[in-house]
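Structural characterization, general
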Amino acid sequence: RALSDEARASWDERGVEDLLLRGEADLLSAPIQRRAGDAEGAVQSLRQLQQRSNAQLGPGHPLTMESGAELAKALQDLGSSGEAEAVLRAQLEAASALGPGGASQRASLERSLALVLVAMKRPADAIPLLEDSLDARRLELGDRHPRTIADIQNLAIACLEAGLLDRAAELLSEALDA
């Protein structure tokens, strides 16, 4: 039998609520799984979550974005940095399509991607992403916020890895002064 439009809408709404609740639980359990040495289990759970949230909520939904970022961390734990990079680039493309409303998500994804690139010994590729992320943090939180200072430190590390010693020293001095 066919469902009425009202019944179908109610069913879809319950499905989305269930996905959001289960998705939050998966996002909370993934770091615990990774710390417990079960990165493979975390990857499997997060891949399923990302596929479900992408299909039901869309690529720009915060749950889809967060599951992609967590998936990238778990992939990196498994030594699959190239796959982590691909996941984050896809998420970044989806966040860019959100326009100005996605600035915070975009900055967070840029930061995550940059840290993967630094770990892959590609600091020169990471620096522009970290600069963009830092600019967004400064606008959103100000110069003295702990997250802004952490971004300054991340940029300093990337500069150090890239051999930009003077710039790294300037950034570290700025972080200490904040």
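To start, this report covers the structure provided alongside it. Bear in mind that the values here come from a model prediction, so they are computed numbers and not experimental data. (Residues numbered from 1 in each chain as written. Predicted model: local features only at pLDDT ≥ 70, side-chain atom pairs only at ≥ 80, totals over all residues. Heavy atoms only, no water.)

1. Details of the pattern of salt bridges
For the record, the criterion: A pairing counts as a salt bridge when a side-chain nitrogen of Lys or Arg comes within 4 Å of a carboxyl oxygen of Asp or Glu. Only DSSP runs of H or I with at least four residues qualify as helices, and only runs of E with at least two residues qualify as strands; both kinds are numbered from the N terminus onward. Accessibility here uses a 1.4 Å probe with only protein chains present; expressed as a share of the type maximum, an area under 20% marks a residue as buried, one over 50% as exposed, and anything in between as partly exposed.
Throughout the structure, instances matching the rule amount to 12 salt bridges. For E70, the salt bridge identified is with R34, shortest N-O distance 3.3 Å. In this pair, E70 is assigned in helix α3 (residues 62–77) and R34 in helix α1 (residues 5–35), connecting sequence segments 36 residues apart. On the basis of relative accessibility, which here comes to 12%, the residue E70 falls in the buried class. Between R111 and D151 there is a salt bridge, with the nearest N and O atoms lying 2.8 Å from each other. Taken together, the residues R111 in helix α5 (residues 103–119) and D151 in helix α7 (residues 146–161) connect sequence positions 40 residues apart. Taken individually, R111 and D151 each receive the classification buried, so the pair is uniform in this respect. Via salt bridges that share partners, R34, E70, K73 and D77 belong to a single interconnected network.

2. Considering the nonpolar core
Rules: In this description, a nonpolar core means a group of buried Ala, Val, Leu, Ile, Met, Phe, Trp, Tyr and Cys residues linked to one another through side-chain atoms lying within 4.5 Å. Whether two residues touch is decided by their heavy atoms; if any such pair falls within 4.5 Å, the residues are in contact.
Formed by 39 residues in total, the largest nonpolar core has its most connected members in L46, L109 and L155. When residues of this core are traced back to their parent elements, those giving at least two are α1, α2 (39–57), α3, α4 (81–96), α5, α6 (123–141), α7 and α8 (165–177). Considering each element in turn, this core owes the most residues, seven residues, to α3. Discounting residues that sit within four places of it in the chain, L109 has contacts with M65, A69, L88, Q91, L92 and A95.

Geometry only, nothing functional implied.
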